[in-house]
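# Tertiary structure, described
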Amino acid sequence: DGPFLEPGFVRWALASTGRPECIGSRPIQLALGGPKVEHATGKVALREAFATVASWRRKDPIEVGSGIGHDPFWAELISDE
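Summary of the structure given here. (Residues numbered from 1 in each chain as written. Predicted model: local features only at pLDDT ≥ 70, side-chain atom pairs only at ≥ 80, totals over all residues. Heavy atoms only, no water.)

This part covers the pairing of strand S1 (residues 24–29). By the bridge criterion, six bridges tie S1 to strand S2 (residues 36–41) in an arrangement that is antiparallel. Each bridged residue has a counterpart across the sheet, and for arginine 26 the counterpart in S2 is histidine 39. Here S1 hands over to S2 after six residues, with glycine 33 in that stretch at a positive phi of 80 degrees. (Pairing = 2+ DSSP bridges. Helix = DSSP H or I, 4+ residues; strand = E, 2+ residues; numbered from the N terminus.)

And the structure:
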């Protein structure tokens, strides 16, 4: 269980939020130091509530963020078996 599953919060969320508050287009900085561009994003209410640079980054698969999936160094050390 967590705070987002509390019955009072669930009632409030269902009564007070809809698709426009959850999914929308917002200006997002897609690269560090780059310009902000209109980008479709989800979790808008949470991103606005906790507005930091990290909360507005685009969503990439985990291996893109670390770069480990494309590094031949690791491919030689770690086997798929």
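Resuming the write-up.
Before going further, it helps to examine a nonpolar patch on the surface. A cluster of nonpolar side chains, namely Phe4, Phe9, Trp12, Leu46 and Phe50, defines an oily patch on the protein surface of about 550 Å² accessible area. Within the element layout of this structure, phenylalanine 50 appears in the loop between helix H3 (44–49) and helix H4 (62–66). (Patch = residues over 30% accessible without salt bridge, like charges linked within 9 Å, V, L, I, M, F, W, Y side chains within 5 Å. Areas by Shrake-Rupley, 256 points an atom, 1.4 Å probe, with all protein chains shown as cover. Salt bridge = Lys/Arg side-chain N within 4 Å of Asp/Glu carboxyl O.)

We now examine the environment of alanine 54. Mapping alanine 54 onto the fold places it in the loop between H3 and H4. The exposure class of alanine 54 is exposed, given its relative accessible area of 53%. Measuring from C-alpha to C-alpha, the distance between alanine 54 and glutamine 29 comes to 10.0 Å, with 25 residues separating the pair along the chain. (Buried < 20%, exposed > 50% of the residue type's maximum accessible area, 1.4 Å probe, protein only.)

That is the geometry; function is a separate question.
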